[in-house]
Amino acid sequence: GGGKVGQVLQAYLITTVSIAVLATWADIAGLTIDITPVATSSKILVSGYIYGGMVGSSSTMTFRIMRDTTAIGVGDTSGTKPVGYGGHKNIDARSLFCDKVEFLDSPSTTSATTYKIQNNIEYSGSTANYINQTGNDANVIGYDPRVCSAITVTEILA
């Protein structure tokens, strides 16, 4: 019957990642997952949470979900602004934000499909952003935690 779960897959990132690509979209190493739907009528629920930090207090970090080479569930295009699913503005080098992405996709295929999370940073004092750590990343008790991020894909049968 319809609405039943066909398969659930997860990619879990426990290491820290530094991305120094400014004003362009970059893959987050480790937050990529392949799924082969069993029917063209299946829907794929893509869920993820990403922890990010930066050094610059005015820098912004934007995330988006990709299906193969297509961005899905993103906002309206406007000029040169990054268009993504969600994101945040950094407060300081000790800030660590959790951004959630979730989208119910209809890939209409039974071929292997790749879902991944990308990010884009806008420079204003930060030349890099960090996944699973703060920009400061000091080794001091009570500050600058290290965490994990994940992407999960769930096939919903029609």
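In the block above lies the structure referred to throughout.
What you see is a predicted model, and the numbers here were worked out from it, not measured in a lab. (Residues numbered from 1 in each chain as written. Predicted model: local features only at pLDDT ≥ 70, side-chain atom pairs only at ≥ 80, totals over all residues. Heavy atoms only, no water.)

### Structural notes on the pattern of salt bridges
Here is the rule: By salt bridge we mean one thing: a side-chain nitrogen of Lys or Arg within 4 Å of a carboxyl oxygen of Asp or Glu. Starting at the N terminus, helices and strands are each numbered in turn, a helix being any DSSP run of H or I of at least four residues and a strand any DSSP run of E of at least two. Only protein chains enter the accessibility calculation, which uses a 1.4 Å probe. A residue is then buried if its area is under 20% of the maximum for its type, exposed if over 50%, and partly exposed in between.
By the definition in use, this model includes five salt bridges. Between R67 and D105 there is a salt bridge; the shortest N-O distance is 2.7 Å. You can see R67 sitting in strand β5 (residues 60–67) and its partner D105 sitting in strand β8 (residues 97–105), a full 38 residues away along the chain. For the pair R67 and D105, a shared accessibility class is recorded, and that class is buried.

### A word on the packing of aromatic side chains
For the record, the criterion: Centres within 6.5 Å make a pair out of two Phe, Tyr or Trp rings, where for Trp the six-membered ring is used; the pair is then stacked when the planes are under 30 degrees apart, edge-to-face when over 60, and tilted otherwise. Both a distance and an angle decide whether a charge sits over a ring: NZ of Lys or CZ of Arg must be within 6 Å of the ring centre and within 35 degrees of the ring normal.
Here the structure, examined in full by the defined rule, presents one aromatic pair. Cation over ring: R94 sits above Y143, and NZ or CZ is 4.4 Å from the ring centre.

### Let's talk about the environment of N132
To be explicit about the condition: Any two residues whose heavy atoms approach within 4.5 Å are treated as being in contact. In protein, a polar contact requires one atom able to donate a hydrogen and another able to accept it; more generally it is a pair of N or O atoms within 3.5 Å, and residues adjacent in sequence count only if both atoms are side-chain atoms.
Residue placement: N132 occurs in the loop between β10 (129–131) and β11 (149–156). In this structure N132 comes out as buried when scored by relative accessible area, which is 0%. Residues N132 and F97, spaced 35 residues apart in sequence, show a C-alpha to C-alpha distance of 9.3 Å. With sequence-adjacent residues up to four places away left out, N132 is seen in contact with L13, I14, T15, T16, Y51, P145, R146, V147, C148 and S149. A polar side-chain atom of N132 sits 3.0 Å from the main-chain carbonyl oxygen of L13. A polar atom in the side chain of N132 sits 2.8 Å from the backbone oxygen of T15.

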